Amino acid sequence: MRFSRLFAVIAPHLLLSFVACPAVILFASAQTPAPAESVVRIIDTPAATLRLSGLSGDLVGLRWKDPSLELIGEPRLGENFRILIPRPGYEADYFYSRDQKVSRIETAPDGVVCVYNSLRNSSEALPVQVRYRIRVEGGQVLFSIQVDNPTNRKLAEVMYGIIGGQQGIAGRLDTEAMIPGANTNQGAGLFSRFHGGGYGGGNLGIRYDAASYSYPGSLSMGWMDVYNPEAGIGYYYADQDPDTRLTLLEVEMSPFSKSATVGDTWPSSTEAQGDPIGITTGWVDMPYLSKGTFSAGPVALQVHTGDWHSASGIYRSWFDQHFNIERPKSWLRQESAWQSIILSNSEDVVVHRFDELPKLAADAKKYGITTFEILGWDIGGIDRGYPQYTPDPRLGTPLEFKKALADMRAIGVHPLIFSNIQVADTATPIFRDRLKQYAVHGLWAPDWRMNGWGEGTISARAGFTNSNMTAVSPAHPAFREYLINQYLQLVRDGAEGFQFDKGGGIVNLDFNPTLTVSPDKSLVGGVLETYREVLRKGKAINPNLAIAAEMLYDRAFPYIDVSYMRMGGIDMNSTVLRYTFPEWTGTIFGESPGDFNPMNNGMRYGFVWDLAPRHYNDSVDEPLTRPLARYVSELIRIRKQYADLLFYGRFNDTMGATVQGGPNIRYSVFKSLQPKNDSRACVVVNFGDDPQSVTVNLDGKAGQVSIATPDHADTTAVLPVHIVIPAHQLAVVVK
């Protein structure tokens, strides 16, 4: 192996002291001259000491200074980049930095640039120049890359910011990782229970194990964190490129991981037989650029004290410099509860007509629910006929639709219209005759990806006879205009907001040859631009227009007020998105009359209660749902009383309170976002089938608190408080 003779740790007495600019020294064995390939160049910066291979320029060592931490435990896995430039007959034509001879290494006061005048692999050389920059700014080590591709071949993948050879912090088995999904931690067990292969072709085609996470898609935010809670230290690793495109986080385990184990899945040194062991991470862009220069970055690295909560703050500080989510609270963000109802489904079942909507809305308002989402109102019914977003004549006339929305508004209920952006029913004449030219294409052919959901028959629900839709990109201006015109007409008809569904369907490259943007920007950029345009033009008609979306992607938060989502379990796998963006919230559904625990979780996490009685079919006042609706009305009452904490405050996870109770007790803490407001609330939920006694203390607090519970007036007590919580209910302790 090329780097088998590199030292993982450089003895302190061999390093020199530097003040102003990074120093470069050559380092090999202290006793005997080292062969050329083992020469290491030392780059000293204010934040970290970098060690680069003198031959390839690869990053083979990185020691953070304060707090002190060596991030690369196995130098043989160090590298800078991987670049894919397919050629006819060989799609997987990669160029690895470890196979290059760096043309020169340029030092600067803030770091270093590795210049590669050309790229080569075992079969060819290309006149593609790469500038790979590592610099220190604002306490972070930043990695960026520039690739000048003068050839006709496509620059398909650029993986950069690579940190290879990670072996954990202090004790590896005590090291944890956070890779933030929507409401999941996809990095749990990375340094003890690594399992790759959970995507596409999995581990086929490679000898190591790997997992890949798309952003947007698998990732709600563009960062990850590695931390050791015992040592109280971690490192943040993020895609801090403000240019918005579809990207990937690649995570690899070398040389392999083990299956069907009761403990550690990492190989021992004996099992590895001398092969290097460690985790490699890198961010992957997919620009598909020919005859041009592609620049990306930075990828940021920063060591910190604490756990992922600290990293969350680092990311949010960067995010706020580039994306603005601060704005007055819309009416939609101030709504604690919705009702959602489907008027007709894709198998021609008409459940309700337009003229029934005012009565349904009035039923909801009896329980304090003043937002009413209307689904299946358009031609074809729910999940059929898209994107024909005009009232279905089977449900009434356009005038009856407009009157229904007006009557709802007149009683103080907001009509929220369900719609979509980037999908089209492939069975419709309008798709065949007009819209298929805007469909998302695959790399090899215009092979449309199909999705569909059925409701009205058993075979449709099983996925055998449902209507199908494919992705159509609003990056095409003509298609976006077609959509916008329909949305604006709905605003004129009285819609006060939209819930744009299927936002997760933007995780595809689009090779439609008529696009004017790159494949990685078509769907992501097209949908975000549609949000912007709907709000800009729609607010000219109704200044209070607001948007919700089935989208868990932070770069959409400047436009959407509520994310449409479900949570059926007792616990969120990870609260990372809620903690990082306390201004953000999502829905939590009650579809069955017995969904009391999901409603309790709505209070616990600060989510919007969305009642869709009997799976979107009925009024909230139907007999079986009525007890749940009454309970939700009590939760609304409590939340409104303490809204600055429970709905507009900082969700603080479980930090700031100590709660003692049985195994079915859960809790959360909310703090005020106001700078000088030290108020705090603790939501305690009993998920069990029997009453539970709990003791609640607010850390660092003393004295009297208020206790709010459903169906009772508030009481007061002195900390610590002792409460008996009935089965499937909650209590809120406020100081």
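Residues numbered from 1 in each chain as written. Predicted model: local features only at pLDDT ≥ 70, side-chain atom pairs only at ≥ 80, totals over all residues. Heavy atoms only, no water.

### Regarding the packing of helix 4 (residues 398–410) against helix 7 (residues 477–493)
Two elements in contact, helix 4 and helix 7, have axes separated by 9 Å at closest approach and are oriented at 55°. By the angle between their axes, helix 4 is oblique relative to helix 7. Every residue of helix 7 that contacts helix 4 at Phe401, Lys402, Leu405 and Arg409 is listed here: Leu490, Arg492 and Asp493. For the contact of helix 4 with helix 7, the class distribution of residues is three nonpolar, no polar and four charged. (Axes fitted to C-alpha atoms, helices over the stretch in contact; angles between N-to-C directions. Helix = DSSP H or I, 4+ residues; strand = E, 2+ residues; numbered from the N terminus. Parallel < 35°, antiparallel > 145°, perpendicular 65-115°, else oblique. Contact = heavy atoms within 4.5 Å. Nonpolar A, V, L, I, M, F, W, Y, C, P; charged D, E, K, R; others polar.)

### Observations concerning helix 2 (residues 308–322)
Taking 1.5 Å of rise per residue, 15 residues should cover 21 Å, and helix 2 covers 22 Å from first to last C-alpha, within 8% of that figure. Those residues of helix 2 that sit buried are Trp308, His309, Ala311, Ser312, Ile314, Tyr315, Arg316, Trp318 and Phe319. (Expected span 1.5 Å × (residues − 1). Buried < 20%, exposed > 50% of the residue type's maximum accessible area, 1.4 Å probe, protein only.)

### Concerning the packing of aromatic side chains
Under the definition given, this model contains 38 aromatic pairs. In this structure, Lys329 packs its charged tip against the face of Tyr648, placed 4.9 Å from the ring centre. (Phe/Tyr/Trp six-rings, centres within 6.5 Å; stacked < 30°, edge-to-face > 60°. Lys NZ or Arg CZ within 6 Å of the ring centre and 35° of its normal.)

### Re the confidence of the model for the chain
Caution is warranted with low-pLDDT regions, since their predicted coordinates should not be read in detail. Scored by pLDDT, the chain comes out at a mean of 93, with 94% of its residues at no less than 70. Low pLDDT, under 50, characterises residues 1–37; the predicted model gives this stretch 72 contacts beyond four residues in sequence or across chains. (pLDDT = per-residue confidence, 0-100.)

### Details of the sheet that holds strand 23 (residues 371–375)
Sheet strands pair via backbone hydrogen bonds, and the direction of the pair is either parallel or antiparallel. Across the sheet, eight strands lie side by side as 30-29-28-24-23-22-32-31; this open sheet has parallel pairing. Every interior strand has two partners, whereas the edge strands, strand 30 (562–563) and strand 31 (587–590), have only one. Pairing geometry for strand 31 and strand 32 (residues 608–611), over four bridges, is parallel. Looking at the pairing, Ile588 lines up with Trp609 of strand 32. Taken strand by strand, helix 4 contacts strand 23 and strand 24 (414–420), and its axis lies near 135° from that of strand 24. The strands that helix 8 (residues 522–538) touches are strand 28 (497–501) and strand 29 (546–549); relative to strand 29, the one it contacts most, it runs at about 155°. (Pairing = 2+ DSSP bridges.)

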